[in-house]
Amino acid sequence: MLTLIKRELYDQITYLVLASLLSLLVIGIMIYAALLDMPDAGFALGAFTLQGLLVLFCFLGAAQMYSDRANRISSLLATLAVTRSRILAARVAAGAIVVLLTLIPVAVVGVALVDLLAPPLAFHTRMIVEISATVTLLGFAGYCVGLYMGWASNKVLLVVGCLVLLVLTLPLFLAKGFGGEAIVILLLLIGAMLVRTWTNYTSAAL
């Protein structure tokens, strides 16, 4: 399994580098705005940049599945007695690693800035945990949507679906909030996308 995960990370190294650069950009925006005593503008601009990161996660998942179909990677791995379930599990694990590696630094810096700039509140810790969890799940949900759409043969659906869904998702959560309800919705979306992807992938002819 570790070998499969390493292979997936190596194959998608471009997306990992781009995601890391966008993560650094978000962090830089938040820190620079804090130094200028404009934290609200910094967090707003950081959130907008984060939206591009979510779109990138979607394209990462889509690229993994599309390259599999185009290059018949699963067919090759199947000759090595590797089940499709293990291939997909390694793929999802690699995607989760990319999401965590790029979003955790953003969450850590965001928490540090909030602690430094905002007055202490009784619900501070809970608010920070909920926002961090929601943003991380939002990134992973975008990745799972990309996995599902990447196995589709319709390229227009792939591109338009990823962009429209994710561009609309972040403003929706900014308006609705980042609490327990949002976390439940994202967990349901992630579960549904993974089940649909697994069903389509394991039942398709290789």
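Residues numbered from 1 in each chain as written. Predicted model: local features only at pLDDT ≥ 70, side-chain atom pairs only at ≥ 80, totals over all residues. Heavy atoms only, no water.

## So, the overall build of the protein
The helix and strand inventory of the protein stands at eight helices and zero strands. If you list the helices and strands of the protein from N to C, you get α-α-α-α-α-α-α-α. In the protein, which comprises 206 residues, the share counted as buried stands at 44%. Of all intrachain contacts in the protein linking residues separated by at least 6 positions in sequence, the fraction that spans at least 24 positions is 85%. Working note: accessible area of the protein is about 10800 Å², and carbon and sulfur atoms make up 74% of it. (Helix = DSSP H or I, 4+ residues; strand = E, 2+ residues; numbered from the N terminus. Buried < 20%, exposed > 50% of the residue type's maximum accessible area, 1.4 Å probe, protein only. Contact = heavy atoms within 4.5 Å. Areas by Shrake-Rupley, 256 points an atom, 1.4 Å probe, with all protein chains shown as cover.)

## Notes on the packing of aromatic side chains
Counted under the stated rule, the structure contains one aromatic pair. With a centroid separation of 5.9 Å and an interplanar angle of 25 degrees, the aromatic rings of Phe140 and Tyr143 are classed as stacked. Placement of the pair is Phe140 and Tyr143 together in helix α6 (residues 124-150), with a separation of three residues, close to one helical turn. Tyr143 gets classed as buried once you look at its relative accessible area, which sits at 0%. (Phe/Tyr/Trp six-rings, centres within 6.5 Å; stacked < 30°, edge-to-face > 60°.)

## A closer look at helix α8 (residues 180-203)
Along its 24 residues, α8 runs 35 Å from first to last C-alpha, staying within 8% of the 34 Å computed at 1.5 Å per residue. Residues of α8 that are buried include every one of Ala182, Ile183, Leu186, Ile190, Met193, Thr197 and Tyr201, and no others. (Expected span 1.5 Å × (residues − 1).)

## Some thoughts on helix α2 (residues 13-35)
Over its 23 residues, α2 extends 33 Å from the first C-alpha to the last, a length consistent with the 33 Å expected when each residue adds 1.5 Å. For α2, every residue scored as buried is listed here: Leu16, Ala19, Ser23, Val26, Ile27, Ile29, Met30, Ala33 and Ala34.

## Remarks on empty space enclosed by the protein
Using the criterion set out here, one finds one cavity of 30 Å³ or more in the structure. Taken as a whole, the largest cavity encloses approximately 40 Å³ of empty space. Breaking the lining of the largest cavity down by element, the ones donating at least two residues are α1 (2-11), α3 (39-71) and α5 (84-117). Element by element, the count of residues in the lining of the largest cavity is highest for α5, at three residues. Its residues assigned to classes, the lining of the largest cavity shows five nonpolar, three polar and one charged. (1 Å grid on protein atoms, 1.4 Å probe; cavity = no way out; pocket = protein on both sides within 12 Å on 5 of 7 lines; lining within 4 Å. Points joined across faces, edges and corners; volume = space filled by probe spheres on them. Nonpolar A, V, L, I, M, F, W, Y, C, P; charged D, E, K, R; others polar.)

## Some thoughts on a nonpolar patch on the surface
Among the surface-exposed residues, Ile13, Val17, Leu18, Leu21 and Leu24 lie close enough to one another that they form a single nonpolar patch of about 450 Å² accessible area. Topologically, Leu24 is positioned in helix α2. (Patch = residues over 30% accessible without salt bridge, like charges linked within 9 Å, V, L, I, M, F, W, Y side chains within 5 Å. Salt bridge = Lys/Arg side-chain N within 4 Å of Asp/Glu carboxyl O.)

## Examining the nonpolar core
With 37 residues, the main nonpolar core has Leu53, Phe57, Leu103, Phe140 and Tyr143 as its most contacted residues. Looking at this core, the elements with two or more residues in it are α1, α2, α3, α5, α6 and α8. Ranked by the residues each element gives to this core, the list is headed by α6, at ten residues. Excluding residues that lie within four positions of it along the chain, Tyr143 makes contacts with Phe57, Cys58, Leu60, Gly61, Gln64, Arg91, Val92, Gly95 and Val99. (Core = buried A, V, L, I, M, F, W, Y, C linked by side-chain atoms within 4.5 Å.)

## Observations regarding the environment of Glu181
Checked against the element boundaries, Glu181 lands in helix α8. Separated by 47 residues in the primary sequence, Glu181 and Thr134 have C-alpha atoms spaced 9.8 Å apart.

## What to know about the side chain of Gln64
For Gln64, the position within the fold is in helix α3. Not counting chain neighbours up to four residues away, the residues in contact with Gln64 comprise Glu8, Gln12, Arg91, Ala94, Tyr143 and Leu147.

## Digging into the confidence of the model for the protein
Averaged over all residues, the pLDDT of the protein equals 75, while 68% of them reach at least 70. Mean pLDDT across the elements of the protein ranges from a minimum in helix α4 (residues 73-78), with 61, to a maximum in α8, with 83. (pLDDT = per-residue confidence, 0-100.)

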